[in-house]
Amino acid sequence: MGIYKETNERASSDPHVRDACRQELVKLQAGDKINVDIWNECVAFSMQDFERIYKLLDVHYDMQCGESFYHDRLPGVVDRLLKAGVAEISEGAVVVFFRDDPELADKPLIIRKRDGGFNYATTDLATVDYRINELKADAIWYVVGAPQSLHFKQIFTIARREGYTANLRHIIFGSVLGDDRKLMKTRSGENVPLRELLEEACKRARKIIDEKNPDLSDEEKSDIAEKIGIGAVKYADLSQYRTTDYIFSWDRMLSLHGNTAPYLQNAYVRIRSIFRKAGELTSPAKGTEMGHRPVATALTLKDPAELDLAKRLCQFGEIVPQVLNGFRPNILANYLFELANSFHAFYEACPVLKSEEPARGSRLALCDLTARVLQRGLDLLGIKVPERM
């Protein structure tokens, strides 16, 4: 990254450096062995760092096709668009014009530069081809920042001209801001590396666990800290409307109070504690999952807090499909927050283990269902739940 930054700064101020960089790019795209070997080493180092981040985030890919995967397809993309009349040669470059589109009329797109080099647009067009023709995709969603909106409008317009009918969507998202309400940066003005941010989240969560529950083993503390720290970062982002900018705050996102992942995780942990205590009074039922008590065959709902929690649980099946309506995971996050609030109100108003049957069994069933919905809902957001905190 340091080499890239230095070279970019020099290229911005020195035309000779800029031209040299362009020539090296053309050589790389043409398959020059020295350039390709250096590039392969850079890719290997990058992938190592990516894998560490993916592991922290618990992200897994079925397949990964980097930009280089499409390298051999780029000349074919340009030739096809020229033959179809979608692109034309202009001042030595191959360009797509949008003369019949008022929004894009003055924004042509270069797909092959005068020096013969290709760019991101060419690669993205090759990507559309590959995903539709070979992967047989009927929907392609690009989760990329709002500054790329023009680029994707151009790409999607070209795809439509070629006759592609797949659902092409650019799913934009807002920015993460610092306390000064500007894009979050390090003290030196650099972008904050994601890996460092995630590791810091785990460290801060570990400190909280050390203070709150010092009797846990070191292994348990590390596992819990990772679930809380990573979950807090994910939830802080996903609980916002995706196009809204938000201010990053460690204290807020790691708080056990308010609309945070630790608050929801703590609700789950409290329920698990109820069932552990219930297990001390009576032997676990045979075949019960994860130590949960058997679910009551019928619910007895008399207290207003019981009714409110039961109604909230019934909404889960309606909420989940709405996430895709506008691509809004914050809808699910907000529901889970309301569910946790309803549970805490129920927990304060309705004794569980000390109540008599049939209320006891019914309330245990409500607790069980709440734990399951919290776990499943957070899992849909990519957030794990600990058994203890």
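What you see is a predicted model, and the numbers here were worked out from it, not measured in a lab. (Residues numbered from 1 in each chain as written. Predicted model: local features only at pLDDT ≥ 70, side-chain atom pairs only at ≥ 80, totals over all residues. Heavy atoms only, no water.)

### Brief notes about the packing of helix α5 (residues 120–133) against helix α6 (residues 149–161)
Put simply, α5 and α6 touch, their axes get as near as 10 Å, and they point 45° apart. Regarding the angle of α5 to α6, the classification is oblique. Handedness of the crossing formed by α5 with α6: right-handed. Contacts between α5 and α6 involve Y120, A121, D124, L125 and V128 from the former and H151, F152, I155, I158 and A159 from the latter. (Axes fitted to C-alpha atoms, helices over the stretch in contact; angles between N-to-C directions. Helix = DSSP H or I, 4+ residues; strand = E, 2+ residues; numbered from the N terminus. Parallel < 35°, antiparallel > 145°, perpendicular 65-115°, else oblique. Left-handed = near helix turned anticlockwise from the far one by under 90°. Contact = heavy atoms within 4.5 Å.)

### Describing the nonpolar core
A general feature of soluble globular proteins is that nonpolar side chains tend to end up buried together. Of all hydrophobic cores here, the largest spans 37 residues; its most connected members are L332, Y335, L336, F346 and C367. Those elements that provide at least two residues to this core are α10 (261–281), α11 (304–314), α12 (316–322), α13 (329–349) and α14 (359–380). With residues near it in sequence (within four places) discarded, L332 still touches F316, I319, V323, G377, L380 and L381. (Core = buried A, V, L, I, M, F, W, Y, C linked by side-chain atoms within 4.5 Å. Buried < 20%, exposed > 50% of the residue type's maximum accessible area, 1.4 Å probe, protein only.)

### Observations regarding the side chain of S355
As for its placement among the helices and strands, S355 is situated in the loop between α13 and α14. Residue S355 is classed as buried on the basis of its relative accessible area of 13%. At 3.4 Å, the side chain of S355 forms a polar contact with the backbone oxygen of P351. Looking at S355, its side chain comes within polar contact range of the main-chain nitrogen of R360, at 3.4 Å. (Polar contact = N/O pair within 3.5 Å; in protein donor to acceptor, adjacent residues only side chain to side chain.)

### Digging into the packing of aromatic side chains
In this structure the tally under the stated criterion is 14 aromatic pairs. Aromatic ring contacts, followed pair by pair, group F50, Y54 and Y61 into a single cluster. (Phe/Tyr/Trp six-rings, centres within 6.5 Å; stacked < 30°, edge-to-face > 60°.)

### Overview of the environment of G178
Position of G178 among the secondary structure elements: in the loop between β6 (176–177) and α7 (194–212). Since its relative accessible area comes to 10%, G178 is described here as buried. In the structure, G178 is positioned 35 residues away from V143 in sequence and 22 Å away in space, judged by C-alpha atoms. Not counting chain neighbours up to four residues away, the residues in contact with G178 comprise L183, M184 and I247.

### A word on α11
Within α11, burial applies to A305, E306, L309, A310, R312 and L313. For α11, the angular spread of the buried residues around the axis is 160°, confining them to a single face. Away from the buried face of α11 by more than 90 degrees, exposed residues P304, K311 and C314 are located. The secondary structure elements touched by the buried residues of α11 are α12, α13 and α14. The backbone nitrogen of A305 lies 2.8 Å from a side-chain oxygen of the residue at the head of α11, namely D303. (Arc of directions from axis to C-beta.)

### What about unusual backbone geometry?
In the segment running from E357 into P358, the intervening peptide bond is cis, with an omega of 5°. If you trace the backbone, P358 turns up in the loop between α13 and α14. Backbone geometry at E91 places phi at a positive 55°, although glycine is not the residue there. Relative to the elements of secondary structure, E91 occurs in the loop between β1 (88–90) and β2 (93–96).

### What to know about the state of the cysteines
One pass over the full model with this rule turns up 0 disulfides. C367 supplies the cysteine sulfur nearest to C350, a cysteine that is in no disulfide, at a spacing of 9.4 Å. (Disulfide = S-S within 2.5 Å.)

### Remarks on the confidence of the model for the protein chain
The predicted model of the protein chain averages 90 in pLDDT, with 93% of residues at 70 or higher. In this model, residues 281–292 is a region of pLDDT below 50 whose contacts with residues beyond four sequence positions or in other chains number 20 contacts. (pLDDT = per-residue confidence, 0-100.)

### Some thoughts on the sheet that holds β2
What the 3 strands build is an open sheet, ordered β1-β2-β3; its pairing is antiparallel. Among the strands making up the open sheet, the edge pair consists of β1 and β3 (109–112). Each strand axis lies, on average, 50° off the axis of its neighbour in the sheet, ignoring direction. As defined by bridge partners, β1 adjoins β2 across 3 bridges and the pair is classed as antiparallel. Bridged to E88 within β2 is V95. (Pairing = 2+ DSSP bridges.)

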